[in-house]
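Next come the chains, spelled out residue by residue.
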Amino acid sequence: LADRVRHPDFLQRVMSADEAAALIPAGANVGMSGFTGAGYPKAVPMALARRIEALHAQGQPFKIGLWTGASTAPELDGALAKVGGIEMRMPYQSDPACRQRINAGQMQYMDIHLSHMAQFVWFGFLGKLDVAVVEVAGVLPDGRLIPSSSVGNNKTWLDQADKIILEVNDLQNPGLEGMHDIYYGTDRPPHRKPIPMTAPDERIGEPYLRCDLSKVIAVVHTSQSDRNSTFAAPDAVSEQIAGHIIEFMQQEVKLGRLPANLLPLQSGVGNIANAVLAGLNQGPFENLTAYTEVLQDGMLDMLRSGKLASASATALSLSPAALEDFTRNIDFYRQRIVLRPQEISNHPELVRRLGVIAMNAMIEADIYGNVNSTHIMGTSIMNGIGGSGDFARNGYLSFFMTPSVAKGGAISCIVPMASHVDHTEHDVQVIVTEQGLADLRGLSPTQRAELIIDKCAHPDFRPALRDYLERARHSGGGQHTPHLLPEALSWHQRFVETGTMRG
Ligand code: 0RQ
């Protein structure tokens, strides 16, 4: 471990994961590292879960408040949720065990914009942060920390927590050193200054995390890889969605509303996002840039092909094959990738200034362009809003994409009224399904409804949507956003009762 931990006082605090987990008190708010399955602590959460399980078996209550960057992995969210160890989880999760407990009402979850999390902690809105558990790639002789494969909220956790537990993971590539840019210029209102960044690849901070040694209560050695999920190869539906977006962008360039190399791209997680990136990699645009939160396989492909000149993010989220390439060519990638705190990667000021093109997947949209990114049938959480709101509200252009139907065609992803709204009609400029693309800019609600039904709805559901709109227009109710209130959510109710939205 001495080659990774080059400060003697940190070395003196080395202990086992079980010993470190024993230092976390019941009821503590714990800020853990981790963002989309990268850079999360692996040993301490598992040890804490074992401890909680043993205590629960003896009838002793023990839960923590668990704050992270975003989603983590089975060793963290999964292990702690399974033993009933989480009282309140924030800000984004995608773990099946967490989801199950949240939807069963056994665990609290506060789903907030990823850019809000750090500042809400500085403001004191969420209570005291007791312990930080942060994975790092190493410790410098002067006590600064080399971040690992994600930055997330680590700067804030290290700064705000009373006590710090570090996991030094020797499977994290030492070549990550120098890839990060940690900005320490943030302050609370009324003392805020403009963030001095005008290009997506600009470095404005330092490559290391600051750490107050007097707060470090444990250093744990781990040797375990990140989650590294594999992505499915793009399917026909994703490719069609990607095709519509690229055609639209070409048109915007022709009309002089986008530069030839577009504007910095933000791309959400998942297979559609990867298909869009694959499409762009084959597409006509050169010298692209990315200002996003997660770097998936698709962006590495684009960096390698030269289509993408640079990428800024807060986390890597790579398949095993992409990780291998990343490891082999880390010097190449270090010149082109900047990893930043999520309060910077998702900052509204920067997203607006840089003119980011936001592309995110959704669960459903209604005919007026309100978007649901998070809830199934209005009540059950899927994952969370993540960064989609940070980018959609503040970007130059905001795309939301989905296949037109889900669950083998039983569900229309275009509905009369969204069963939950994460992105309002005011923040949604373009809706895309495999059927087509609806450009909603400059349109009134009823104009939007006609376009969304025509361009995006599945042909099987189009007549029923047209019929709904038509009857709402003759219902005698308000005609700005016509609705039949008793019927507006009847499609969802029908699915809940019969397993299909089809009448
Ligand atoms: O369910 O797995 O049980 O079959 O929802 O749907 O089509 O696999 O799509 O994996 O791209 O996820 C919006 C959830 C899409 C994701 C969402 C069911 C469908 C399937 C998943 P099954 P797909 P994806 C940056 C940006 C919010 C956060 C965000 C997400 C499952 O993209 O979490 O944007 N976004 N972050 O069957 C009922 C519908 C449905 C439906 C799909 N209309 N009704 N179920 N499903 N449509 C990243 C971060 O912020 C970290």
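Residues numbered from 1 in each chain as written. Predicted model: local features only at pLDDT ≥ 70, side-chain atom pairs only at ≥ 80, totals over all residues.

1. Side note on the site of the ligand
Convention followed: Being near a molecule or strand means, for a residue, that its backbone-placed C-beta atom lies within 6 Å of it. Note on conventions: DSSP H or I runs of at least 4 residues are helices, E runs of at least 2 residues are strands, and numbering of each starts at the N terminus. Residues were grouped as follows: Ala, Val, Leu, Ile, Met, Phe, Trp, Tyr, Cys and Pro as nonpolar; Asp, Glu, Lys and Arg as charged; and all remaining residues, including Gly, as polar.
The ligand sits among 28 residues. The nearest are G268, G270, A361, G386 and S388. Elements that contribute at least two residues to the shell around the ligand include exactly helix 9 (271-282) and strand 15 (357-361). Here the shell around the ligand is built from residues that sort into 15 nonpolar, ten polar and three charged.

2. Structural notes on the pairing of strand 25 (residues 436-439)
The side chains of a regular strand alternate, residue by residue, between the two faces of the sheet. Convention followed: Two strands form a pair only when DSSP identifies at least two bridges running between them.
Pairing of strand 24 (residues 430-433) with strand 25 involves four bridges; the strand directions are antiparallel. In the strand pairing of strand 25, V432 is matched with L437. Hairpin connection, strand 24 to strand 25: the antiparallel pair is bridged by two residues.

3. Examining unusual backbone geometry
Note the threshold: Three exposure classes are used, all based on how many other C-beta atoms lie within 10 Å of a residue's own C-beta (placed from the backbone): buried at 20 or more, exposed at 12 or fewer, and partly exposed between those limits.
Following M90, the chain continues into P91 via a peptide bond in cis, with omega recorded as 0°. Among the secondary structure elements, P91 is positioned in the loop between strand 3 (86-90) and helix 5 (96-103). Note the cis peptide between P189 and P190, where omega equals 10°. Relative to the elements of secondary structure, P190 occurs in the loop between strand 7 (163-169) and strand 8 (216-222). Even without a glycine there, the phi angle at N287 is positive, about 60°. With respect to the helices, strands and loops of the structure, N287 is situated in the loop between helix 9 and strand 10 (288-291). Owing to 13 C-beta atoms within 10 Å, N287 belongs among the partly exposed residues under this scheme.

4. A short note on the UniProt feature "domain: Acetyl-CoA hydrolase/transferase C-terminal" (unreviewed entry) in the protein
For the record, the criterion: UniProt positions are given in the numbering used here, feature names are shortened, and annotations may be inferred rather than shown by experiment.
Under the UniProt annotation, the feature "domain: Acetyl-CoA hydrolase/transferase C-terminal" (unreviewed entry) is placed at residues 326-468. Secondary structure across residues 326-468 comprises 31% helix and 25% strand; the distance between its end C-alpha atoms is 51 Å.

5. What to know about helix 4 (residues 74-82)
The following threshold applies: Throughout, a residue-residue contact means that the two C-beta atoms, derived from backbone geometry, are no farther apart than 7 Å.
Looking at helix 4, one finds that the buried residues are E75, L76, D77, A79, L80 and A81. On its buried face, helix 4 is in contact with strand 1 (29-32), helix 3 (43-57), strand 2 (64-67), strand 3 and helix 5.

6. Here's the deal with helix 11 (residues 320-328)
The cut-off we apply is this: Arc, as used here, means the arc of the directions from the helix axis to the C-beta atoms.
All buried positions along helix 11 are accounted for by A322, L323 and F326. The buried residues of helix 11 occupy an angular sector of 100° when the element is viewed end-on, so they sit on one face. Seen from the open side of helix 11, the exposed residues pointing more than 90 degrees away from its buried face are P320, E324 and R328. Its buried side turned inward, helix 11 meets helix 10 (297-305) and helix 12 (330-334).

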